[in-house]
Amino acid sequence: MPEGHTLHRLADRHHRRFAGGVVRVSSPQGRFAADAARVDGQRLERAEAYGKHLLHHYESGLTVHVHLGLYGKFYDAELPMGEPVGQVRMRMAGSSGFGTDLRGPAACEILLPPEVDALTQRLGPDPLRPDAEPERAWRRITRSRRPIGALLMDQSVLAGVGNVYRAEVLFRHGISPYRPGVELGVDEWAALWDDLVELMPVGVATGRMHVVRPEHDHGEPSYAPDRPRTYVYRRPGAGCRVCASPVAHAVLDGRNLFWCPTCQPK
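Conventions used here
- Residues numbered from 1 in each chain as written.
- Predicted model: local features only at pLDDT ≥ 70, side-chain atom pairs only at ≥ 80, totals over all residues.
- Heavy atoms only, no water.
- Helix = DSSP H or I, 4+ residues; strand = E, 2+ residues; numbered from the N terminus.
- Rg over C-alpha atoms; globule rule 2.2 N^0.38 Å.
- Buried < 20%, exposed > 50% of the residue type's maximum accessible area, 1.4 Å probe, protein only.
- Contact = heavy atoms within 4.5 Å.
- Pairing = 2+ DSSP bridges.
- Axes fitted to C-alpha atoms, helices over the stretch in contact; angles between N-to-C directions.
- UniProt positions renumbered as here; feature names shortened; annotations may be inferred.
- Core = buried A, V, L, I, M, F, W, Y, C linked by side-chain atoms within 4.5 Å.
- Phe/Tyr/Trp six-rings, centres within 6.5 Å; stacked < 30°, edge-to-face > 60°.
- Domains from an automatic or database assignment.
- Buried area = accessible area lost by both parts, 1.4 Å probe.

## Re the overall build of the protein chain
Counting its regular elements, the protein chain contains 7 helices and 10 strands. The C-alpha radius of gyration of the protein chain comes to 20 Å, within 12% of the 18 Å expected for a compact globule of 266 residues. Summarising its shape, the C-alpha atoms of the protein chain cover approximately 55 × 40 × 30 Å along the three principal directions. Every one of the 266 residues in the protein chain was classed for burial, and the buried ones make up 52%. Expressed as a percentage of contacts within the protein chain between residues at least 6 apart in sequence, the contacts between residues at least 24 apart total 59%.

Structure below.
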């Protein structure tokens, strides 16, 4: 599932290409047709992201909310766009010569202002947003005996962090993913938050999650040819880039978990 930096990158692109102009919105697939008609021909005021949620705010006060889920993706094209390919949930055509097709999202819907507020209020702070309040997440973490590895993935605690950033930021700070949140120190939390605030904008700018420090960026290649190296993510059994111990793997709350038992002792 795309992590928060992907949604912020999309929001930046959509804001540059569509905001301030009239947008034609349709649903070739038909599933979003009625809602598309409600914003079709309106001016898009702004696009923004909150965690893993993309929000298009139109002049009427209506907002299109998109959650990509596991399979959702936008496909950009110059105008005029060709015939839709596949099941296009939403097509946007702007006044600047660009269009985009959305296929396979988990959610694509119209929200009213109170519904937008309800969505954002149930999310934790987003490290990529300037209005984020990290103490909100800290209050949840310090009262919980759930493992910190689970809490970091809980979008009501912290918005936008997914499996890669979860695994890598915990490794970078030597924290076991199984440590109960209540046992995390305030200085450790501050260091985790500051690291996410530094790392995630790199993902927005480049589209790639760079998490390995330069002095460790060598040896075994990444888990995929088009990805930067990681410390532990998707490296089960491989040698830790710092201590050479085998990277461990387990499943926590239904998601794959990776860590180094030596660098991140329980």
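## Examining the environment of R17
Mapped onto the secondary structure, R17 falls in helix 1 (residues 4-18). Looking at R17, the relative accessible area reads 26%, which means it is partly exposed. Sequence spacing of R17 and A93 is 76 residues, and the spatial spacing of their C-alpha atoms is 9.7 Å. Residues within four places of R17 in sequence aside, it is in contact with D76, S96 and F98.

## A word on the sheet that holds strand 5 (residues 73-78)
One key point about sheets: their strands pair by backbone hydrogen bonds, in either a parallel or an antiparallel sense. A sheet is described by the order of its strands in space; here 8 strands give the open sequence 5-7-6-1-2-3-4-8, paired in antiparallel fashion. Looking at which strands have only one partner, the edges of the open sheet turn out to be strand 5 and strand 8 (107-111). In this sheet, neighbouring strand axes are inclined to one another by 30° on average, regardless of whether the strands run parallel or antiparallel. Sheet analysis places strand 3 (residues 53-58) next to strand 4 (residues 63-67), joined by 4 bridges and oriented antiparallel.

## Concerning the UniProt feature "domain: FPG-type" (unreviewed entry) in the protein chain
Residues given the UniProt feature "domain: FPG-type" (unreviewed entry) here are residues 231-265. Secondary structure within residues 231-265 divides into 0% helix and 29% strand; the distance between the first and last C-alpha atoms comes to 15 Å.

## Observations regarding the nonpolar core
In terms of nonpolar packing, the biggest core is built from 35 residues, with I141, I148, L158, Y165, L184, W189 and V232 touching the most fellow members. If you list the elements that add at least two residues to this core, you get helix 4 (134-142), helix 5 (148-151), helix 6 (163-172) and helix 7 (186-206). Here I141 is in contact with I148, L151, V157, G181, V182, L184 and W189, once residues within four sequence places are set aside. Ranked by size, the runner-up nonpolar core spans 23 residues in total, among them F32, Y58, V64 and L68.

## Comments concerning helix 6
Burial within helix 6 is extensive, with 10 of its 10 residues counted as buried. Within the span of helix 6, buried status applies to N163, V164, Y165, R166, A167, E168, V169, L170, F171 and R172.

## Brief notes about the pairing of strand 8
Burial within strand 8 is extensive, with 4 of its 5 residues counted as buried. Note: strand 4 against strand 8, 5 bridges, orientation antiparallel. When the bridges of strand 8 are listed, V64 appears paired with I110.

## Some remarks on the packing of aromatic side chains
Tallying each qualifying case throughout the model produces 5 aromatic pairs. Ring geometry for W189 against W193: centres 6.0 Å apart, planes inclined by 50°, an arrangement best described as tilted. Note that W189 and W193 are positioned in helix 7 at a spacing of 4 residues, about one turn of the helix. The class for W189 is buried, based on a relative accessible area of 4%.

## Concerning the domain arrangement of the protein chain
On domain assignment, one finds that the protein chain holds domain 1 (4-122) and domain 2 (134-259). A straight line from the C-alpha centre of domain 1 to that of domain 2 covers 30 Å. If you look at the interface, domain 1 gives 10 residues, while domain 2 gives 15 residues. For the pair domain 1 and domain 2, the summed buried surface comes to about 880 Å²; carbon and sulfur atoms form 55% of the total. A per-residue breakdown of the area domain 1 buries against domain 2 is headed by H5, R9 and K52, which together make up 61% of the total.

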